[in-house]
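Listed below are the residues making up each chain.
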Amino acid sequence: MEAITEGVNNINISESHKKNRIQVSNTKKPLFFYVNLAKRYMQQHNEVELSALGMAIATVVTVAEILKNNGLAVERKIMTSTVDIKDDSRGRPVQKAKIEILLGKTANFDELMAAAAAESGENGDVEENNA
């Protein structure tokens, strides 16, 4: 058990430099939580990496498609792989599918976000600031 914990900690340390990564679960949060979080990450970092394992892959693809269809994001890179996950009940590693989708801002991302904010009444003076 200690070896697993140590391995997980090492993975987190080596990949913690990616501040724009969202690891998606299909059970923990609703779909639009991830959509809104991805929008926020794109505002801060100009791109976002969506990552998921196994059954959560469908959620990641759906989030990416929502952002693309709304004109907010463009695909930069899609990576697929399999990873070995230790299954305690079986005592042997199980392979899980993994997907990573890198999305970047579209040219009119900021305009669309400003229009959405003005429409929802969050910032009534957004147009004045952009003019």
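In what follows, the structure referred to is the one given above.
Everything in this summary refers to the structure shown in the same document. Please read these numbers as outputs of a predicted model, since none were measured by experiment. (Residues numbered from 1 in each chain as written. Predicted model: local features only at pLDDT ≥ 70, side-chain atom pairs only at ≥ 80, totals over all residues. Heavy atoms only, no water.)

**A few points about the overall build of the protein chain**
Worth spelling out the cut-off: Secondary structure follows DSSP: runs of H or I at least 4 residues long count as helices, runs of E at least 2 residues long count as strands, and numbering of each begins at the N terminus. Under the scheme applied here, a residue whose accessible area is under 20% of the maximum for its type counts as buried, over 50% as exposed, and between as partly exposed, the area being computed with a 1.4 Å probe on protein chains only. We call two residues in contact when some of their heavy atoms are within 4.5 Å. Accessible surface area values rest on a Shrake-Rupley calculation with a 1.4 Å probe, where residue burial reflects the displayed protein chains alone.
Secondary structure summary: the protein chain contains five helices and four strands in total. In the protein chain, the succession of helices and strands from N to C terminus is α-β-α-β-α-β-β-α-α. Per-residue burial over the protein chain gives 31% buried out of 131 residues. Nonlocal contacts in the protein chain, meaning residues at least 24 apart in sequence, comprise 67% of its contacts between residues at least 6 apart. Within the structure as shown, the protein chain displays about 8800 Å² of accessible surface, and the carbon and sulfur contribution to it stands at 49%.

**Describing the nonpolar core**
Our working rule: Side-chain atoms within 4.5 Å are what join buried Ala, Val, Leu, Ile, Met, Phe, Trp, Tyr and Cys residues into a set we call a nonpolar core.
Among the nonpolar cores identified, the biggest contains 25 residues, and Ile22, Val48, Leu50, Ala52, Val60, Leu67 and Leu103 are the most heavily contacted of them. Looking at this core, the elements that each hand over two or more residues are α2 (31–45), β2 (47–53), α3 (57–69), β4 (92–105) and α4 (109–120). Once residues within four sequence positions are removed from consideration, Val48 is found in contact with Asn20, Ile22, Ala38, Tyr41, Met42, Ile101, Leu102 and Leu103.

**Examining the pattern of salt bridges**
Put simply, the rule reads: When a carboxyl oxygen of Asp or Glu is within 4 Å of a side-chain nitrogen of Lys or Arg, the pair counts as a salt bridge.
In total, this model carries seven salt bridges according to the counting rule given. Where Glu75 meets Lys68, a salt bridge forms, and the shortest distance between an N and an O atom there is 2.4 Å. Linking Asp110 and Lys105 is a salt bridge whose minimum nitrogen-to-oxygen distance equals 3.4 Å. Exposure remark for Asp110: the relative accessible area of 47% places this residue in the partly exposed category. Judged by its relative accessible area of 17%, Lys105 is buried. If you follow the salt bridges from partner to partner, you end up with Arg21, Glu49, Lys98 and Glu100 in one network.

**Some points on α2**
The test is simple: The span you would expect from a helix comes to 1.5 Å times its residue count less one. Here, the arc refers to the directions that run from the helix axis to the C-beta atoms.
The end-to-end C-alpha distance of α2 is 21 Å, a good match for the 21 Å that 15 residues give at a rise of 1.5 Å each. Inspection of α2 places Tyr34, Val35, Leu37, Ala38, Tyr41 and Met42 among the buried residues, and these make up the whole buried set. Summarising the axial view, the buried residues of α2 lie within an arc of 170°, below the 170-degree limit, and thus occupy one face. In this structure, the buried residues of α2 make contact with β1 (21–23), β2, α3, β3 (73–87), β4 and α4. Where α2 ends, the next residue or the one after it, Asn46, has phi of about 70°, a positive value.

**Here we look at the sheet that holds β3**
Under the convention used in this document: In this description, strands pair whenever DSSP reports at least two bridges between them. Convention adopted: a line fitted to C-alpha atoms gives each axis, helices being fitted over their contacting stretch, and angles between N-to-C directions are expressed from 0 to 180 degrees.
Taken together, four strands build an open sheet; the order of strands is β1-β2-β4-β3 and the sheet is mixed. The sheet terminates laterally at β1 and β3, the two strands that pair on one side only. With strand direction ignored, the average angle separating the axes of adjacent strands in the sheet is 20°. Across three bridges, β1 lies against β2 in parallel orientation. Residue Ile22 lies in a different strand from β2, and its bridge partner there is Leu50. Contacts from α2 reach β1, β2, β3 and β4, with the element oriented near 140° to β2. Contacts from α3 reach β2, β3 and β4 within the one sheet, and its direction differs from that of β4 by about 5°.

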